[in-house]
Structure formats: C-alpha cells, structure tokens
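Here are the chains, one letter per residue:
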Amino acid sequence: MSLYSEQVEAIKNILSEAPELSNVKKVYEGDFEAIPLYPAISVELKNRSKTTKGIGGIKDTVCTFNIWVYTNKPSYKQALVELEDLTDQIEAVMKRHRQLNSTCDMSDLDDAAEFGVSDRGGAFLQTALLQLNTRKLGV
C-alpha cells in the first residue's frame, strides 16, 4: 500500500472509531456523490510534494488532504449548527492522532474551515472543508 493510501486509510479509521463522531453515518474516501446517508465525512488527497534533503537523499513528503463534512439538514441554521459541531469534533480527534497511526511523522489540521453548498443531482448539501497536512521523512 502506498504512503498516500495508508494515510487516507488511517484518517478514515481514526474518524470512524472516534466516539464523539458516533452520529456520523460513515467516513468515505473520495467522491461525495457515492454517499447515501448524512451526516458523512469524505477524505481525499488534494496534493503532495516530495523533496530530497541532505546527504543520503532523505525524502521529505508533504501531503494535503481534504476532509469534507456533509449534511442534508432541511434548514441552513440546522445545517450550520451540525457542521460547526462536527468540525470542532474532527479537530479535537485529529489533534489526538498527530502521527495518523504511525503513517506519518506529524500532521496538522489547518485552523481555517470553508463552509458552502454542494449540488448532488438537484439535492443541495451543506458542506464544511478542513485541510490536514502531513509530513513523512524517509528514504
């Protein structure tokens, strides 16, 4: 399994097993259009960079993951309350798991969150987007 797949799997497992996120139906990977039940979380690799450092060619791999949170509450106010609660809970969970089950040397969840709306075949979902950055040093 590649480093990226391992990290996506670790993020999914950490969020799936967190007791404070028990009201989330499921944590998915990738495309939100495959999600049947809400609230839900989806994890996707946004980008990565590799640089070689020092003598011996130590690779420094930095990845950015998008953690999407979706809800289909009927009103904006209800959706916003749920998204705020879920993003706070995700932030707390990820701070406790900075090494993503030993798949990276460190991770850091960006303090900024973006809120918006996604169209899923005419059904509108309220969304929140968090970005998680990871760093892994290795050969």
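Preceding this section is the structure that the text describes.
What comes next concerns the included structure. Predicted, not measured: the structure shown is a model, and the values here were computed from it. (Residues numbered from 1 in each chain as written. Predicted model: local features only at pLDDT ≥ 70, side-chain atom pairs only at ≥ 80, totals over all residues. Heavy atoms only, no water.)

Moving on, we get to the pairing of strand S3 (residues 58-71). Walk down a regular strand and you will see the side chains alternate between the two sheet faces. Extensive coverage of S3 is indicated by the burial of 10 of its 14 residues. Of the strand pairs in this sheet, strand S2 (residues 40-53) and S3 are connected by 13 bridges, and their pairing is antiparallel. Within S3, the position partnered with Val43 by the bridge is Ile67. Counting the residues in the hairpin turn of S2 and S3 gives 4 residues, including Gly54, whose phi is positive at 65°. Here S3 pairs with strand S5 (residues 123-138) via 13 bridges, running antiparallel. Bridging across to S5, Lys59 finds its partner in Gly138. (Buried < 20%, exposed > 50% of the residue type's maximum accessible area, 1.4 Å probe, protein only. Helix = DSSP H or I, 4+ residues; strand = E, 2+ residues; numbered from the N terminus. Pairing = 2+ DSSP bridges.)

Time to look at the pattern of salt bridges. What the rule picks out here adds up to 6 salt bridges. Glu20 is the salt-bridge partner of Arg96, the closest N and O atoms lying 2.9 Å from each other. Of this pair, Arg96 sits in helix H2 (residues 76-96) while Glu20 sits in the loop between helix H1 (3-17) and strand S1 (26-29); the two residues are 76 residues apart in sequence, bridging distant segments of the chain. According to the relative accessible area criterion, Glu20 is partly exposed, its value standing at 29%. Taking the shortest distance from any N to any O, the salt bridge between Lys53 and Asp60 comes out at 3.7 Å. (Salt bridge = Lys/Arg side-chain N within 4 Å of Asp/Glu carboxyl O.)

Tallied over the full model, the rule gives 1 aromatic pair. For the pair Trp68 and Tyr70, a centre-to-centre distance of 6.1 Å together with 15° between the ring planes defines the contact as stacked. Since its relative accessible area comes to 21%, Trp68 is described here as partly exposed. (Phe/Tyr/Trp six-rings, centres within 6.5 Å; stacked < 30°, edge-to-face > 60°.)

These figures come from the coordinates and say nothing about function on their own.
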